[in-house]
Number of protein chains: 10
Amino acid sequence: MLFHVTMDVRIPADADPVRIDALKVAEKARCAALMEQGVWRHIWRVVGRYRNVSIFDVSDNAELHEVLMTLPLFPYMQIDVTPLCRHASSIRDDDR
Amino acid sequence: MLFHVTMDVRIPADADPVRIDALKVAEKARCAALMEQGVWRHIWRVVGRYRNVSIFDVSDNAELHEVLMTLPLFPYMQIDVTPLCRHASSIRDDDR
Amino acid sequence: MLFHVTMDVRIPADADPVRIDALKVAEKARCAALMEQGVWRHIWRVVGRYRNVSIFDVSDNAELHEVLMTLPLFPYMQIDVTPLCRHASSIRDDDR
Amino acid sequence: MLFHVTMDVRIPADADPVRIDALKVAEKARCAALMEQGVWRHIWRVVGRYRNVSIFDVSDNAELHEVLMTLPLFPYMQIDVTPLCRHASSIRDDDR
Amino acid sequence: MLFHVTMDVRIPADADPVRIDALKVAEKARCAALMEQGVWRHIWRVVGRYRNVSIFDVSDNAELHEVLMTLPLFPYMQIDVTPLCRHASSIRDDDR
Amino acid sequence: MLFHVTMDVRIPADADPVRIDALKVAEKARCAALMEQGVWRHIWRVVGRYRNVSIFDVSDNAELHEVLMTLPLFPYMQIDVTPLCRHASSIRDDDR
Amino acid sequence: MLFHVTMDVRIPADADPVRIDALKVAEKARCAALMEQGVWRHIWRVVGRYRNVSIFDVSDNAELHEVLMTLPLFPYMQIDVTPLCRHASSIRDDDR
Amino acid sequence: MLFHVTMDVRIPADADPVRIDALKVAEKARCAALMEQGVWRHIWRVVGRYRNVSIFDVSDNAELHEVLMTLPLFPYMQIDVTPLCRHASSIRDDDR
Amino acid sequence: MLFHVTMDVRIPADADPVRIDALKVAEKARCAALMEQGVWRHIWRVVGRYRNVSIFDVSDNAELHEVLMTLPLFPYMQIDVTPLCRHASSIRDDDR
Amino acid sequence: MLFHVTMDVRIPADADPVRIDALKVAEKARCAALMEQGVWRHIWRVVGRYRNVSIFDVSDNAELHEVLMTLPLFPYMQIDVTPLCRHASSIRDDDR
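Residues numbered from 1 in each chain as written. Chains lettered and ligands numbered in written order. Predicted model: local features only at pLDDT ≥ 70, side-chain atom pairs only at ≥ 80, totals over all residues. Heavy atoms only, no water.

## Topic: the overall build of chain A
At step 1: Each helix and strand in chain A was counted, giving two helices and four strands.
At step 2: Mapped in sequence order, the helices and strands of chain A form the string β-α-β-β-α-β.
At step 3: By principal-axis analysis of the C-alpha atoms, chain A measures approximately 50 × 25 × 20 Å.
At step 4: A buried classification covers 55% of the 96 residues belonging to chain A.
At step 5: Counted over contacts in chain A with a minimum sequence separation of 6, partners at least 24 positions apart contribute 68%.
At step 6: When the accessible area of chain A is evaluated, it comes to approximately 4,200 Å², of which 52% is carbon and sulfur surface.
At step 7: On chain A, the mean spot of the 12 positive side-chain charges and the mean spot of the 14 negative ones are 5 Å from each other. (Helix = DSSP H or I, 4+ residues; strand = E, 2+ residues; numbered from the N terminus. Buried < 20%, exposed > 50% of the residue type's maximum accessible area, 1.4 Å probe, protein only. Contact = heavy atoms within 4.5 Å. Areas by Shrake-Rupley, 256 points an atom, 1.4 Å probe, with all protein chains shown as cover. Lys, Arg positive; Asp, Glu negative; His and termini not counted. Charge placed at Lys NZ, Arg CZ, Asp CG, Glu CD.)

## Thoughts on the sheet that holds strand β3 (residues 51-57) of chain J
At step 1: Strand order around the closed barrel formed by eight strands is β1(I)-β3(I)-β2(I)-β4(J)-β1(J)-β3(J)-β2(J)-β4(I), with antiparallel pairing between neighbours. Direction aside, the axes of adjacent strands within the sheet are offset by 35 degrees on average.
At step 2: Sheet analysis places strand β2 (residues 40-46) of chain I next to strand β3 (residues 51-57) of chain I, joined by five bridges and oriented antiparallel. Paired with tryptophan 44 of chain I across the bridge in β3 of chain I is valine 53 of chain I.
At step 3: Packing of helix α2 (residues 61-69) of chain I onto the sheet brings it into contact with β1 (2-9), β3 and β4 (77-86) of chain I, and relative to β1 of chain I it is tilted by some 20 degrees. (Pairing = 2+ DSSP bridges. Axes fitted to C-alpha atoms, helices over the stretch in contact; angles between N-to-C directions.)

## Details of helix α1 (residues 17-37) of chain C
Residues and elements named next belong to chain C.
At step 1: Helix length check: α1, at 21 residues, gives a terminal C-alpha distance of 30 Å against a target of 30 Å (1.5 Å per residue), a fit within 8%.
At step 2: Residues of α1 that are buried include every one of Ile20, Leu23, Glu27, Cys31, Ala32, Leu34 and Met35, and no others.
At step 3: Residues of α1 that are buried make contact with β2 (40-46), α2 (61-69) and β4 (77-86).
At step 4: Residue aspartate 16 occupies the N-cap position of α1, its side-chain oxygen lying 3.1 Å from the main-chain nitrogen of valine 18. (Expected span 1.5 Å × (residues − 1). Polar contact = N/O pair within 3.5 Å; in protein donor to acceptor, adjacent residues only side chain to side chain.)

## Section: helix α1 (residues 17-36) of chain H
Residue and element names in this part refer to chain H.
At step 1: Here α1 contains 20 residues, and its C-alpha end-to-end distance of 29 Å stays within 8% of the 28 Å for a straight helix at 1.5 Å per residue.
At step 2: Those residues of α1 not exposed but buried are Ile20, Leu23, Glu27, Cys31, Leu34 and Met35. Down the axis of α1, the buried set is contained in an arc of 100 degrees. They therefore lie on one face. Exposed positions of α1 whose direction lies more than 90 degrees from the buried face are Val18, Val25 and Glu36.
At step 3: Looking at the buried residues of α1, the elements they touch are β2 (40-46), α2 (61-69) and β4 (77-86).
At step 4: Looking at the residues trailing α1, positive phi occurs at glycine 38, about 85 degrees. (Arc of directions from axis to C-beta.)

## Topic: the pairing of strand β1 (residues 2-9) of chain C
Residue and element names in this part refer to chain C.
At step 1: Among the eight residues in β1, eight count as buried, and that is most of the element.
At step 2: Along β1, one buried face is formed by Leu2, His4, Thr6 and Asp8 and the opposite face, lined by Phe3, Val5, Met7 and Val9, is buried too.
At step 3: Strand direction decides the pairing type here: β1 and strand β3 (residues 51-57), joined by seven bridges, are antiparallel. Of the residues in β3, the one forming a bridge with valine 5 is serine 54.
At step 4: Bridge count for β1 against β4 is seven bridges, and the pairing is antiparallel.

## Let's talk about the sheet that holds strand β3 (residues 51-57) of chain G
At step 1: One closed barrel accounts for eight strands, arranged β1(G)-β3(G)-β2(G)-β4(H)-β1(H)-β3(H)-β2(H)-β4(G); its pairing is antiparallel. Within this sheet the neighbouring strands show an average axis-to-axis angle of 35 degrees, counted without direction.

## Let's talk about the interface of chain B and chain A
At step 1: Taken residue by residue, the interface counts 29 residues in chain B and 29 residues in chain A.
At step 2: A combined buried area of about 2,700 Å² lies between chain B and chain A, and 69% of that area is made up of carbon and sulfur atoms.
At step 3: Of all residues in chain B, the largest losses of buried area upon contact with chain A belong to Trp44, His87 and Ile91 of chain B, amounting jointly to 23% of the total for that side.
At step 4: One can count zero salt bridges joining chain B with chain A.
At step 5: The tally of links from chain B across to chain A stands at eight residue pairs in polar contact (both at pLDDT 80 or more).
At step 6: Elements supplying a minimum of two residues to the side of chain B that touches chain A: β1 (2-9), α1 (17-37), β2 (40-46), β3 (51-57) and β4 (77-86) of chain B.
At step 7: Broken down by element, the residue count for the side of chain B that touches chain A peaks at six residues, all from β2 of chain B.
At step 8: Split by residue class, the side of chain B that touches chain A holds 15 nonpolar, seven polar and seven charged. (Buried area = accessible area lost by both parts, 1.4 Å probe. Salt bridge = Lys/Arg side-chain N within 4 Å of Asp/Glu carboxyl O. Nonpolar A, V, L, I, M, F, W, Y, C, P; charged D, E, K, R; others polar.)

## Remarks on the side chain of asparagine 52 of chain F
At step 1: Among the structural elements, asparagine 52 of chain F can be located in strand β3 (residues 51-57).
At step 2: Classification of asparagine 52 of chain F by relative accessible area gives buried; the value is 5%.
At step 3: There is a polar contact of 2.9 Å between the side chain of asparagine 52 of chain F and the side chain of serine 54 of chain F.
At step 4: The contact partners of asparagine 52 of chain F, leaving out residues within four places of it in the chain, are His87 of chain E together with Val5, Thr6, Met7, Ile43 and Trp44 of chain F.

## Things to note about the interface of chain G and chain F
At step 1: Each partner contributes to the interface: chain G provides eleven residues, whereas chain F provides eleven residues.
At step 2: Together chain G and chain F conceal approximately 790 Å² of surface at their shared face, both sides included; 75% is due to carbon and sulfur atoms.
At step 3: It is Asn61, Pro83 and Cys85 of chain G that lose the most area in chain G upon contact with chain F, and together they represent 58% of the buried surface on that side.
At step 4: Connecting chain G to chain F are zero salt bridges.
At step 5: Connecting chain G to chain F are four residue pairs in polar contact (both at pLDDT 80 or more).
At step 6: At four residues, strand β4 (residues 77-86) of chain G tops the list of elements feeding residues into the side of chain G that touches chain F.
At step 7: Class assignment of the residues belonging to the side of chain G that touches chain F gives a composition of eight nonpolar, two polar and one charged.

## Let's talk about the arrangement of the chains
At step 1: A minimum C-alpha distance of 16 Å separates chain B and chain E, which share no contact.
At step 2: Separating chain A from chain I is a minimum C-alpha gap of 15 Å, and the two share no contact.

## Describing the environment of phenylalanine 3 of chain I
At step 1: Tracing the backbone through its elements, the reader meets phenylalanine 3 of chain I in strand β1.
At step 2: It is 5.3 Å that separates the C-alpha atoms of phenylalanine 3 of chain I and leucine 84 of chain I, two residues lying 81 residues apart in sequence.
At step 3: For phenylalanine 3 of chain I, the contacting residues outside a window of four places in its chain are Asn61 and Pro83 of chain H together with Ser54, Ile55, Phe56, Val58, Asn61, Leu64, Val81, Thr82, Pro83 and Leu84 of chain I.

## Concerning the pattern of salt bridges
At step 1: Scanning the model with the defined rule gives 30 salt bridges over all chains in all.
At step 2: Two residues, arginine 49 of chain C and aspartate 80 of chain E, come together in a salt bridge whose shortest N-O distance is 2.5 Å. Here arginine 49 of chain C is found in the loop between β2 and β3, whereas its partner aspartate 80 of chain E is found in strand β4 (residues 77-86) on a different chain.
At step 3: Residue aspartate 57 of chain G pairs with arginine 41 of chain G through a salt bridge whose shortest N-O separation is 2.7 Å. Residue aspartate 57 of chain G is located in strand β3, and its partner arginine 41 of chain G is located in strand β2 (residues 40-46); the two are separated by 16 residues in the primary sequence.

## A word on the relation of the copies chain B and chain A
At step 1: The two copies are related by a screw motion: chain B maps onto chain A through a turn of 180 degrees and a shift of 0.0 Å along the axis, at an RMSD of 0.0 Å. Here the two chains are linked by the operation of a two-fold rotation axis.
At step 2: A share of 100% of interface residues in chain B that are also interface residues in chain A marks the association as one of identical surfaces. (Least-squares fit on C-alpha atoms with pLDDT ≥ 70 in both.)

Pasting the structure below:
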């Protein structure tokens, strides 16, 4: 089941840079693991912004919430979630 | 080069249903052709809305504009375009 | 799986009242059937508005989209969908 | 009498984590007590957000205000209140 | 129990003026009756707008909804409802 | 001459609580004095918010500005002012 | 007493041009008369828009409402009113 | 050439009051000098807000920018600029 | 003197296509003439929209208003005007 | 390939002025270098704001993102990117 998710990352100007760098490393590793599992299906960067657009493939809402809540940078993210479904015009098997 | 595109379709209540149905058939065929060419890479339906979220892969801005302007339902669409680029965390070859 | 759905009904002033009344009767019957099936779990009216707030319980996004798209008044509705999950503070078994 | 209430929790980044944890424990206990009394009828978590959607059943506006103002996390909440009433299409006895 | 209600009246340009005038006469009579009953406690006109600000005193949400829905101009109104309660600083007996 | 005034109070999380409490006491006394003079005609609390809705009766714009600027909590308030006049439907002598 | 007023004029595309032209002539004459009386103290056109920014000098809210409601183009205007008072920095006698 | 300018002054709660007071004195003196030169043609205070509405008369955009950027309180202002021109209905010689 | 101007073109669905086509031809000719005069310095199309972004070089606000008001498609445009001035970082002679 | 870019610069009030000045010098030098390369084709200052409007000419989205992310003031900027293409009415060779 697919969801469109946008994440805006907002690091406060006075945050400890060492801690933030550690969180970014952990975030990248967590993203890679979720992509390999097929849960985080796509991620793109929005040009000129500290924002990504992602597609998640999860079994239900609870799994999506659990995944998002445990992202290392979650405390600094503004997240928007939009449920998707297959479009009648799609010819791609994996757009479902 | 990837772009995130949302299309809201707004058919006026007094539009001729025969003409609209013909446009929808033409739209679906055009979408399928563009997907086969790899230009319209993804399309998903937003749950509960007459709106889609799409990913286009084009060679430049002019090609994207040309493609969008010639969609059969273009006169009834509100379109938003966001330029994307590869995310440093992506492990998928085709998220570029 | 639960979703929070709001529906704003907007009937154009020049719509045929006989047809609209028929749609409202059909809408009410469809709502009752979906409530009995447990799909449309709750519906409340917003005071002073032609708007409802509803809770749907469906197996996936596709089912929710199918249900909403086939509501008799769908062409006159502005719908917003928000995915929900169980709240850690809830003590009710059915708030999941 | 039913009200639709949304609560966005916004903990400042520099808040004392020990104090916040204590407030969260107290909030959860208060929520459970109000649910058992039937005042806080439903609570759901919005996926990907530190926000809940709730339904309160109170005898009047003053009781709702008193209940909301005395929540342990109230100083960190942005609250929106919408009055509800029974929907003509509802077949559930408790959607009133 | 008090509610703050704003009503924006939006008469379509092509509405039948005879019918609209009749609705305005009926609206004024209905307003006067509700004021005499103490239900429509206050009404003021917003300067330069076809909008009023009102205070209603009703026994519950359902009564308020019933009163608003049966106003003659309801089909042409955009209504916003805000629940009020007594302010700790008030010294007026009737601000409750 | 009547004005509709809303006041949102926003106390910064790091404000000195002793000073804020003193300001609240002063605010309440100032409000009571203005109500006795008939200048602050009504005040209601918005349910679930640190916001009030008020009606002021002043001789001109300058008096209203002077009254609002000298409220003890003014530095922490976001204030919106809307000019009102008598509504043609009102039957109350004091809704002017 | 001064008010800042903006007026957006929105003529429907299907309005009778003869009637609209007559209203514009009447509007211009009414504006000139009010300027000579000193009630409509200033009027400027916003570049590129069918919108004006005006300053009115009236004895009270009711007079302003009466003046605005009786403008020939009032049914086609969206009006915003902001109460003004003398600025402490002004050195002009008539900015009050 | 006339411009409509609004200035919202937002002094942070933790700003040094001695420095802010000095800036306010300098701002007032600068405003008076610009009014005497005819550059700052009008200034009014918005009732209940720390905001002014002003009319500037400058020879070109660059002069307006230079004047605004060098205001003592500029670092604390949110400024909106709207180009104006003579309204066809104006009978005042100086509304140009 | 430079201005940033955006124009959204909104042709009603029931407009006479012959008349609209004639207006578009006239608009294109007018644009070309103004570009040759150096008044309409730049025009770009926003991808996926019936909107342009333009830079105008005029002697004053009144000239800009006159130019915009006499565009053949003006009755169908929503126009936003932003005054520009030379940026301190520019090395181009004509960015002024 | 052209993009319309706006940059709002927001320096926190408590930022180290020496460091900010160094960043501004570096920003200006970077801007000049990019203008000489033809990448940053235009830059204008918005009157009364710490905001610029720019036109970039890049080979693809990734290059634009790289350029924007490495601007010295990037951490303090809110950036909006809009893809442009040649307008059918343009007679300038370089508006593409």
